[in-house]
Amino acid sequence: MSHIFVPKRVFFEPKALDYPKGKEIYERLQDMKVPISFTGSHNRVTGIPGKTTQEAYQEAKSTLVVGVRKKLDFAGCKPSAHYQLPLTTSCSSMCEYCYLATTLGKKPYLRVYVNIDEILDQASHYMKERAPEVTWFEGAATSDPIPTEYLTGLLYKTIEFFGAEPLGRFRFVTKHDQVDSLLTAKHQGHTRFRFSINAAKIIEKYEHKTPSLSQRVTAAAKVAIHGYPIGFIIAPIFYYPGWEADYHELVKELDIQLPHEVRKDVTFELISHRFTTKAKRNILEIFPQTTLPLEEEERKYKYGQFGYGKYVYQSETMKDMKTYMQKEIQNYFPQAQIDYFV
């Protein structure tokens, strides 16, 4: 089944109602009879219930905050783009391994930003600075923007904005399949629509409140037929007895569903499972029964670009995974580009 995100409660920054987008979202939520309160800042929201860490996490995942993005300097976004484009933060899914467990903490409520025109003006500024080169923007660095799209229309507006920009390109990624509202956007091939996928067994076990592999691939085929360049992030890739067979099935599912005429421009990003000390602590509090492989002694410690280190698979294991995944993809999708394996 499709997982439609309907918030249990919504907090508005009063300033959000000064923007047309804020008013529009407010009216839509009123029609849906969702309880609405106000908050001084989208960064510090009190009033999300939960006696235990688990309860607080689950309630946060059912909470939407509608705010104004004050900080308009965009963060960098290696290796996939030049800048992060801040449209939304967090996501309604509950994936046990989520890397946002490191950055968003224990109450990862969903946020949407209504000053979209100011955000896109800032993107124009960055494009001018880098002209005549093309500038890439990532719209899902700390979020999945699809679950809230039916309420906000932020992606649609952004996709059409970049459709008209000769020197701007947009990319985002989702685990969700509610893509119909974006099929008619005038994208001009300037937005790469990516899907985060995994072996069916992994999705079932760890990716709670998300569509199945088959549903995601169906959505990807739909998007590709409407002319969007598409991409797949296979992440996180786990190494366990029988992993090859499971990931083989994943690539085969793509081969079955993706029409041949849309395969000329498909990209793959491959990310092996990794975790930080802080993420592990948060994961074990939120999902005490988890069966995720989180044994530090089996991993190699690697310093990351954001100032904290992470535990990754040993070099030999990484080599096996990379070789196998590249071979599988090249076998079924010889024209595809593998952007990176990390």
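Note that this is a predicted model, so its numbers are computed, not measured.

Rules used in this analysis
Residues numbered from 1 in each chain as written. Predicted model: local features only at pLDDT ≥ 70, side-chain atom pairs only at ≥ 80, totals over all residues. Heavy atoms only, no water. Buried < 20%, exposed > 50% of the residue type's maximum accessible area, 1.4 Å probe, protein only. Helix = DSSP H or I, 4+ residues; strand = E, 2+ residues; numbered from the N terminus. Pairing = 2+ DSSP bridges. Core = buried A, V, L, I, M, F, W, Y, C linked by side-chain atoms within 4.5 Å. Contact = heavy atoms within 4.5 Å. Expected span 1.5 Å × (residues − 1).

## Focus on the pairing of strand S10 (residues 168–174)
- Of all 7 residues in S10, 7 are buried, a share of seventy percent or more.
- Inspection of the sheet shows strand S9 (residues 135–138) paired to S10 by 4 bridges, in the parallel sense. Bridge pairing in S10 links Trp 136 to Arg 169.
- Of the strand pairs in this sheet, S10 and strand S11 (residues 191–197) are connected by 5 bridges, and their pairing is parallel. Looking across to S11, one finds that Phe 170 is bridged to Thr 191.

## Section: the nonpolar core
- Grouped together as the largest cluster of nonpolar side chains are 90 residues, with contacts concentrated most on Leu 85, Phe 137, Phe 193, Phe 232, Ile 234, Tyr 247 and Phe 268.
- By residue number, the principal contributor to this core is helix H8 (residues 213–225), which donates 7 residues.
- Contact partners of Leu 85, with chain neighbours within four places excluded, come to Phe 74, Ile 119, Leu 120, Ala 123, Phe 137, Glu 138, Gly 139, Thr 158, Phe 162 and Phe 170.
- In terms of nonpolar packing, the next biggest core, distinct from the first, is built from 6 residues, Ile 48, Ala 60, Val 65 and Tyr 109 among them.

## Some details on helix H4 (residues 116–130)
- End to end, H4 covers 21 Å across 15 residues, agreeing with the expected 21 Å (1.5 Å per residue, within 8%).
- Here H4 has its buried residues at Ile 116, Ile 119, Leu 120, Gln 122, Ala 123, Ser 124, Tyr 126 and Met 127.
- In this structure, the buried residues of H4 make contact with strand S5 (81–84), strand S8 (110–113), S9, helix H6 (154–163) and S10.

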